[in-house]
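Here is what each chain is made of, one letter per residue.
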Amino acid sequence: MSLFLPKLTCKKDIDEVIKCVAEKVLVLRFGRDEDSVCLQLDEILSKTAHDLSNMASIYIVDVEKAPVYTRYFDISYIPSTVFFFNGQHMKVDYGSPDHTKFVGSFKTKQDFIDLIEVIYRGAMRGKMIVQSPIDPRNVPKYDLLYHGI
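For clarity, every value in this text was computed on a predicted model and none was experimentally measured.

A. Expanded view of the packing of aromatic side chains. A complete count under the given rule lists 8 aromatic pairs for this structure. The interplanar angle of 20° and the centroid separation of 6.0 Å between the aromatic rings of Y69 and F73 together place this pair among those described as stacked. Across this residue pair, the class does not change: Y69 and F73 are buried. Between the aromatic rings of F102 and F106, the centroid separation amounts to 4.1 Å while the plane-to-plane angle is 10°, which identifies the pairing as stacked. Judged on exposure class, the residue F102 and its partner F106 are both buried. By the ring-pair criterion, three or more aromatic residues cluster together here, those being F30, Y69, Y72, F73 and F84.

Given below as structure tokens:
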């Protein structure tokens, strides 16, 4: 758990933040406070929050406290990071099957900073999907799970 990043504890809080954060990238980190990979990601997010304060607002969401959004974004692996701009869900092509979220932790602070800059610039130009600047070797690999198909 990061002491420096604000936490959203219910659906109402998440809805409000999605609606109210304007002209900035909204970063929602879904995970659990006690998970080691979540803690690693939280450290990167908290260290970059000040540097990115003109471009991004970063929040932490516990998957247990927001089951509606956990299901909506199909968060099967934690941590998962979702991005918005002016209330619109931003998608990023990481070279993986899922463009809706980043799964896992960023390898470096610079990877996260570069991604926020690309999302911000793309969103300011009206794009809803952008190409990830992160080296594909630094993007965690996973398989999408589809049950009952």
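B. Local environment of unusual backbone geometry. In this model, I78 is joined to P79 through a cis peptide bond whose omega is -5°. Along the polypeptide, P79 turns up in the loop between helix 3 (67-72) and strand 4 (80-85). Even without being a glycine, E23 presents a positive backbone phi close to 60°. By secondary structure assignment, the location of E23 is in the loop between helix 1 (11-20) and strand 2 (25-31). We classify E23 as partly exposed; its relative accessible area is 42%. Located in the positive-phi region is D74, a residue other than glycine, with phi close to 50°. Checked against the element boundaries, D74 lands in the loop between helix 3 and strand 4.

Parameters and conventions
- Residues numbered from 1 in each chain as written.
- Predicted model: local features only at pLDDT ≥ 70, side-chain atom pairs only at ≥ 80, totals over all residues.
- Heavy atoms only, no water.
- Phe/Tyr/Trp six-rings, centres within 6.5 Å; stacked < 30°, edge-to-face > 60°.
- Buried < 20%, exposed > 50% of the residue type's maximum accessible area, 1.4 Å probe, protein only.
- Helix = DSSP H or I, 4+ residues; strand = E, 2+ residues; numbered from the N terminus.

Geometric descriptors of this kind do not, in isolation, establish any biological role.
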